[in-house]
Protein chains: 2
Amino acid sequence: MLTPEKIVAAALDVIEVSGDRGLTISALAKRLGVAPSALYNHVSSKRDLLILVQDDVIERIDYGCFETLPWADAVRQWARSSRDVFATHGHLIPIYAVIPVTNSRAILRMYETVAKGFLAAGWHEGDIVHAIVSIESFVLGSAMDANAPEDMYDIGDLSTEFPVFSSVVAGTREDASGRADVAFEIGLEGLIAGLEVWRSRQQ
Amino acid sequence: MLTPEKIVAAALDVIEVSGDRGLTISALAKRLGVAPSALYNHVSSKRDLLILVQDDVIERIDYGCFETLPWADAVRQWARSSRDVFATHGHLIPIYAVIPVTNSRAILRMYETVAKGFLAAGWHEGDIVHAIVSIESFVLGSAMDANAPEDMYDIGDLSTEFPVFSSVVAGTREDASGRADVAFEIGLEGLIAGLEVWRSRQQ
DNA sequence: ACCTGAACACCGTTCAAGT
DNA sequence: ACCTGAACACCGTTCAAGT
């Protein structure tokens, strides 16, 4: 007998073996030893399936830090964790970005804790959603960037045609963690600092 | 006779009429009055087609501001323009985020100008790519958010279960431009200010 | 060189038929 | 209530055949 739990577990297996794009209804059915049409007794559409998967995946994000750490540290840890989770589940990004929160208790649990953290740090109620959304926008964009090839900005033959950018790319500071990680950390520190400045101006 | 220009123009027509998801090979072929297979004489894959479309769309982004405005103003204008363009062409986001820049002269032209602007503002060569990527990550994430429903954060029946977030949503400051725009502007100002602070610490 | 038309291997989804 | 098997309307893509 199929259950939501088994379906989600199998879906995650399929993703782990075949990647994001390998998660199809028939691949999932095969993994479960069942006909594709059988799935529609438990799930009304593929979008519905992805929401189930998402609910499971969201729970791997570390947001408990908002109950233990100061605001900036909590934001940093939450953002890093979110970005990691979405980088390994890029297919969920387009859904997560536009799904009404009512559809997912997992998301609401997260936001409940995050919102408390913002309030405890002295944020005005009216600004919190906007601040959260801006952080998440950066996180989701960065998660996509994390899947870009390491040499994404290598210019090849066209370096004489674009000398300035070419030289900037050649001189790009790197460290062991890789280009995307450096960009993420720089942007994250900037955003956190900037939000803190912005907040203090709001008083 | 089909030409790349005609194909791109027709693709943009199809998108305008049928939306992002309406751009299929057969829809495009029908619009051009040609068999679907004919397109493969001019384009090697759908991905290839989307790169052609992207090249056209990138040129609508305003990056000339880097030649006329101070750094912070130029970044602000460039980011706003980019976000608008990608919000109306969301299907290009997953490609743009991971495509090696060598594949697109339009992108390289943009980066050439942007890089010059950063250098003129005194940025170190080694930091520029990272700063650009962080801005673009925020822009792409925000472009996805711009397509979210306006009531994305309305909680409905579950407000007693998540009282804090519920109250935060209810108290969210809004103005005529809408939720996503406010979040974008707040994050953008934060990111710009934060990058400026971060840069001055690098000296 | 470029286009047609048929074919292929896939999608997600529906639905009558069985148990 | 749940599953099967056949069918449907779509994808992107290939390729022999025509001009």
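Here the residue numbering is sequential within each chain, running from 1 through the sequence in written order. Each chain is given a letter, starting from A, and each ligand a number, starting from 1, according to the order in which they appear as written. Thresholds applied to this predicted model are a pLDDT of at least 70 for local features of residues and 80 or more for the giving and counting of side-chain atom pairs; totals over whole chains, interfaces and linings are not thresholded and use all residues. By convention in this description, side-chain values take in all heavy atoms of the structure and omit both hydrogens and water.

Per an unreviewed UniProt entry, the recorded name for chain A is Transcriptional regulator, TetR family, and the organism is Hoyosella subflava.

Here's the deal with the overall build of chain A
Worth spelling out the cut-off: By definition, any uninterrupted DSSP run of H or I lasting at least four residues is a helix, any uninterrupted run of E lasting at least two residues is a strand, and each is numbered from the N terminus. Type-normalised accessible area, obtained with a 1.4 Å probe on protein chains alone, sets the label of each residue: buried when under 20%, exposed when over 50%, and partly exposed for intermediate values. By definition, residues are in contact when any of their heavy atoms lie within 4.5 Å. Under the convention used here, a 1.4 Å probe and the Shrake-Rupley method define accessible areas, while residue burial counts only the protein chains that appear. Charge convention: Lys and Arg are scored as positive, Asp and Glu as negative, and His as well as the terminal groups of each chain are ignored. Every charge is mapped to an atom, namely NZ of Lys, CZ of Arg, CG of Asp or CD of Glu.
The number of helices and strands found in chain A is nine helices and zero strands. Taken from N to C terminus, the helices and strands of chain A fall in the order α-α-α-α-α-α-α-α-α. Across its three principal axes, chain A shows a C-alpha extent of roughly 55 × 55 × 25 Å. Of all 203 residues assigned to chain A, the portion counted as buried reaches 54%. Residue pairs at least 24 apart in sequence account for 67% of intrachain contacts in chain A once pairs closer than 6 positions are excluded. Here chain A has roughly 8600 Å² of accessible surface; of this, 51% comes from carbon and sulfur atoms. Of the side-chain charges in chain A, 17 are positive and 28 negative, and the distance between the mean point of each set is 6 Å.

A look at the protein's contact with DNA strand C
Here is the rule we go by: One heavy atom suffices: a residue is near a molecule or strand as soon as one of its heavy atoms comes within 4 Å of it. Here a polar contact is recorded for every N or O atom pair within 3.5 Å, except that within protein the pair must consist of a potential hydrogen donor and a potential acceptor, and residues adjacent in sequence are included only if both atoms are side-chain atoms. When residue character is reported, Ala, Val, Leu, Ile, Met, Phe, Trp, Tyr, Cys and Pro are called nonpolar, Asp, Glu, Lys and Arg charged, and the others, Gly included, polar.
Around DNA strand C lies a shell of 15 residues, among which Y40 and K46 of chain A together with A35, S37 and H42 of chain B are the nearest. At a separation of 3.4 Å, a phosphate oxygen of DNA strand C approaches a polar backbone atom of L2 of chain B. The side chain of S37 of chain B places a nitrogen or oxygen atom 2.5 Å from a base oxygen of DNA strand C. In terms of residue class, the surface near DNA strand C is made up of seven nonpolar, seven polar and one charged.

Describing the interface of chain B and chain A
Reports often express the size of an interface as the amount of accessible area lost when the parts come together. Formally: Any carboxyl oxygen of Asp or Glu within 4 Å of a side-chain nitrogen of Lys or Arg constitutes a salt bridge here.
With 64 residues of chain B in contact, the opposing surface of chain A contributes 64 residues. Our count for the chain B to chain A interface comes out at four salt bridges. D127 of chain B is paired through a salt bridge with R173 of chain A; the nearest N and O atoms lie 3.1 Å apart. The tally of links from chain B across to chain A stands at 18 residue pairs in polar contact (both at pLDDT 80 or more). If you list the elements that add at least two residues to the side of chain B that touches chain A, you get α5 (93-96), α6 (105-120), α7 (125-146), α8 (163-170) and α9 (179-202) of chain B. With 16 residues, α7 of chain B is the largest single contributor of residues to the side of chain B that touches chain A. Among the residues forming the side of chain B that touches chain A, the class breakdown is 36 nonpolar, 16 polar and 12 charged.

Some remarks on the UniProt feature "DNA-binding region" (unreviewed entry) in chain A
Selection rule: UniProt positions are given in the numbering used here, feature names are shortened, and annotations may be inferred rather than shown by experiment.
Residues annotated by UniProt as "DNA-binding region" (unreviewed entry) correspond here to residues 24-43 of chain A. A distance of 13 Å separates the end C-alpha atoms of residues 24-43 of chain A, which is 40% helix and 0% strand.

Focus on the packing of aromatic side chains
How we decide: Working definition: a ring pair exists when centres of Phe, Tyr or Trp rings (six-membered ring for Trp) sit within 6.5 Å. Plane angles under 30 degrees give stacked, over 60 give edge-to-face, the rest tilted.
As enumerated under the stated definition, the model contains 22 aromatic pairs over all chains in all. When the centroid spacing of 5.0 Å and the interplanar angle of 35 degrees are considered together, the rings of F165 of chain A and Y111 of chain B count as tilted. Of this pair, F165 of chain A sits in helix α8 (residues 163-170) while Y111 of chain B is found in helix α6, placing the two residues in two different chains. Side by side, F165 of chain A and Y111 of chain B carry an identical accessibility label, which is buried. Ring geometry for W71 of chain B against F118 of chain B: centres 5.6 Å apart, planes inclined by 90 degrees, an arrangement best described as edge-to-face. Within this pair, whereas W71 of chain B is found in helix α4 (residues 71-88), its partner F118 of chain B is found in helix α6, the two being separated by 47 residues in sequence. Accessibility expressed as a relative area gives 8% for W71 of chain B, which makes it buried. The class of F118 of chain B is buried, set by a relative accessible area of 0%.

Thoughts on the protein's contact with DNA strand D
A35, S37 and H42 of chain A together with Y40 and K46 of chain B are the nearest of the 15 residues found near DNA strand D. Backbone atoms, meaning sugar plus phosphate, form 62% of the atoms of DNA strand D positioned within 4 Å of the protein. Within the backbone of L2 of chain A, an N or O atom sits 3.4 Å from a phosphate oxygen of DNA strand D. In the model, a phosphate oxygen of DNA strand D is placed 3.3 Å from a nitrogen or oxygen of the S26 of chain B side chain. For the surface near DNA strand D, the class distribution of residues is seven nonpolar, seven polar and one charged.

Structural notes on the layout of surface pockets
How we decide: Both cavities and pockets are sets of points on a 1 Å grid over the protein atoms alone; in a cavity a 1.4 Å probe fits but cannot get out, in a pocket the set is open with protein on both sides within 12 Å along at least five of seven lines, and lining residues sit with an atom within 4 Å of a point. Grid points are joined across faces, edges and corners, and a volume is the space filled by probe spheres set on the points.
Estimates place the volume of the largest pocket at around 1600 Å³. Along its surface, the largest pocket is lined by 29 residues, and G90, H91 and P94 of chain A together with H91 and P94 of chain B are the ones closest to its centre. Of all elements in the fold, only α3 (46-58) and α5 (93-96) of chain A together with α3 (46-58) and α5 of chain B reach the threshold of two or more residues within the lining of the largest pocket. Among the residues making up the lining of the largest pocket, the classes are represented as 15 nonpolar, six polar and eight charged.

Some details on the domain arrangement of chain A
As a reminder of what qualifies: Segmentation into domains, and thus their bounds, comes from an automatic or database assignment.
Segmenting chain A into domains produces domain 1 (4-44) and domain 2 (61-202). Placing the centre of domain 1 of chain A and that of domain 2 of chain A at their C-alpha centroids yields a distance of 30 Å.

A look at the UniProt feature "domain: HTH tetR-type" (unreviewed entry) in chain A
Here, UniProt's "domain: HTH tetR-type" (unreviewed entry) annotation points to residues 1-61 of chain A. In residues 1-61 of chain A, the share of helix is 59% and the share of strand is 0%. The end C-alpha atoms are 30 Å apart.

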